[in-house]
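Residue-level structural notes
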Amino acid sequence: MRGIREAVRGVVLAALCCAIIASTVACRDDSGPIRPIAGGDPARGATLIKAFGCGTCHDIPGIDGAVGLVGPPLVHFARHSYIAGELPNTGDNLIRWIRSPRAVEPGTAMPDLGVGESDARNMAAYLYTLR
Ligand code: HEC
C-alpha cells in the first residue's frame, strides 16, 4: 500500500512540474516587441544610434563598437521599468529622454545631442528590441 501511495505521489509531482514548465515556456513569448513604438523603424534606429555615437557612452547589444562605460548599459532595455531612474519607461518618455535628457534631468552627464523627433522614435524602436 505504502509503495503505491509513494508512486502515485511521484506521478502527481511529476505532472505538476511538467505543467509549471510548460506554462512558463508558453508565457514567454519572444515574438514581438514588449513596448511597440508606432512608426518606429528599429533597423533605421540601429544605424542612427551608431551615427550619433551613443555607443561611446553606452554598452548597446547589436551595435558595432558600442561598448561605452560612461552611461548605464542598455542591455535588456525593453524590460527596464524606468528611464534614468526618473521617467516610467514608455515610448513617449524614451523619445523625450533621447531628444533632451537635460530637460528631464538637469546636470545629467548625457548631453542633448540635437536628435530630431523621428530619429529619436527610430532609436527608441531599436532600444525596445533589447529584451
Ligand atoms: C556623453 C555620454 C553619453 C552619450 C553620448 C549618450 N548617453 Fe545616454 N546616458 C548617459 C548617462 C550618463 C546616462 C545616465 C543618466 C542618468 O541616469 O542620469 C544615460 C542614460 C541613457 C538612457 C537611460 C538608461 C537607463 O538605464 O535608464 C538611455 C535610454 C540613453 N541614455 C540612450 C542614449 C542614446 C539613444 C544616445 C544617443 C543618441 C545616448 N544615450 C548618448 C550618457 C550618454
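The present account deals with the structure reproduced in this document. (Residues numbered from 1 in each chain as written. Predicted model: local features only at pLDDT ≥ 70, side-chain atom pairs only at ≥ 80, totals over all residues. Heavy atoms only, no water.)

**Some thoughts on the overall build of the chain**
Put simply, the test is: A run of DSSP states H or I qualifies as a helix once it reaches four residues; a run of E qualifies as a strand once it reaches two. Both are numbered from the N-terminal end. Burial classes follow relative accessibility: with a 1.4 Å probe on protein chains only, a residue under 20% of its type's maximum area counts as buried, one over 50% as exposed, and anything between as partly exposed. Here, residues are in contact when the closest pair of their heavy atoms is within 4.5 Å.
When helices and strands are tallied, the chain shows five helices and two strands. Along its sequence from the N terminus, the chain presents helices and strands in the succession α-α-β-β-α-α-α. Counting every position in the chain, which comprises 131 residues, the buried fraction comes to 29%. Sequence separation of at least 24 residues holds for 50% of the intrachain contacts in the chain that already meet a minimum separation of 6.

**Here we look at the coordination of the iron atom of the ligand**
What counts here: Only nitrogen, oxygen and sulfur atoms within 2.8 Å of the metal, or 3.2 Å for Na, K and Ca, are treated as donors, and water is left out, so sites may look incomplete. Donor angles set the geometry label: tetrahedral for four donors if every angle is between 85 and 135 degrees, square planar for four and octahedral for six if opposite donors exceed 155 degrees and the others are between 65 and 115, irregular for anything else.
Looking at the iron atom of the ligand, the protein donor atoms are His58 (NE2) and Met110 (SD), and they sit 2.0 to 2.2 Å from it. Of note is the iron atom of the ligand, whose six donor atoms meet at the metal with angles of 86 to 179 degrees in an arrangement that counts as octahedral. In this pair, His58 sits in the loop between α2 (42–51) and β1 (82–83) while Met110 sits in the loop between α4 (101–104) and α5 (117–127), placing the two residues 52 residues apart along the sequence.

**A short note on the pattern of salt bridges**
Stated precisely, the cut-off is as follows: Any carboxyl oxygen of Asp or Glu that lies within 4 Å of a side-chain nitrogen of Lys or Arg is treated as forming a salt bridge with it.
In total, this model carries two salt bridges according to the counting rule given. Residues Asp64 and Lys50 are paired through a salt bridge, measuring 3.9 Å at the closest nitrogen-oxygen approach. Taken together, the residues Asp64 in the loop between α2 and β1 and Lys50 in helix α2 connect sequence positions 14 residues apart. Given a relative accessible area of 59%, Asp64 falls into the exposed group.

**Looking at the nonpolar core**
Inclusion rule: Put simply, a nonpolar core is a bunch of buried Ala, Val, Leu, Ile, Met, Phe, Trp, Tyr and Cys residues held in one set by side-chain atoms that sit within 4.5 Å of each other.
Ranked by internal contacts, the top residues of the largest apolar core, which has 27 residues, are Ile49, Ile60, Leu94, Ile98, Tyr126 and Leu127. When residues of this core are assigned to their parent elements, the largest contribution, six residues, is made by α5. Residues in contact with Ile49, not counting those within four places in the same chain, are Cys54, Gly55, Ile60, Ile63, Met123, Tyr126 and Leu127.

**Some details on the site of the ligand**
To keep things clear, this is the line we draw: Throughout, the term near means that a residue has one or more heavy atoms lying within 4 Å of the molecule or strand in question. Definition of a polar contact: a pair of N or O atoms within 3.5 Å, with one able to donate and the other able to accept a hydrogen when the atoms are protein atoms, and with sequence-neighbouring residues admitted only if both atoms are side-chain atoms. With a 1 Å grid laid over protein atoms only, a set of points is called a cavity when a 1.4 Å probe fits there but cannot get out and a pocket when it is open yet has protein on both sides within 12 Å along at least five of seven lines; lining residues have an atom within 4 Å of a point. Criterion for pocket placement: a molecule counts as inside a cavity or pocket if more than half of its atoms are within 2 Å of its grid points. In the scheme used here, Gly and all other residues not listed as nonpolar or charged are polar, with Ala, Val, Leu, Ile, Met, Phe, Trp, Tyr, Cys and Pro taken as nonpolar and Asp, Glu, Lys and Arg as charged.
Neighbouring the ligand are 23 residues, the closest being Cys54, Cys57, His58, Glu105 and Met110. Measuring from a nitrogen atom of the ligand, one finds a side-chain N or O atom of His58 at 2.7 Å. In this structure, a nitrogen atom belonging to the ligand sits 3.4 Å away from a side-chain N or O atom of Trp97. When atoms are counted within 2 Å of each cavity's grid points, the one that captures over half of the ligand is the largest pocket. Counting only elements with at least two residues in the shell around the ligand, the list comes to β1, α3 (91–99) and α5. Counting residues per element, the shell around the ligand draws most heavily on α3, at three residues. Here the residues of the shell around the ligand sort into 18 nonpolar, four polar and one charged.

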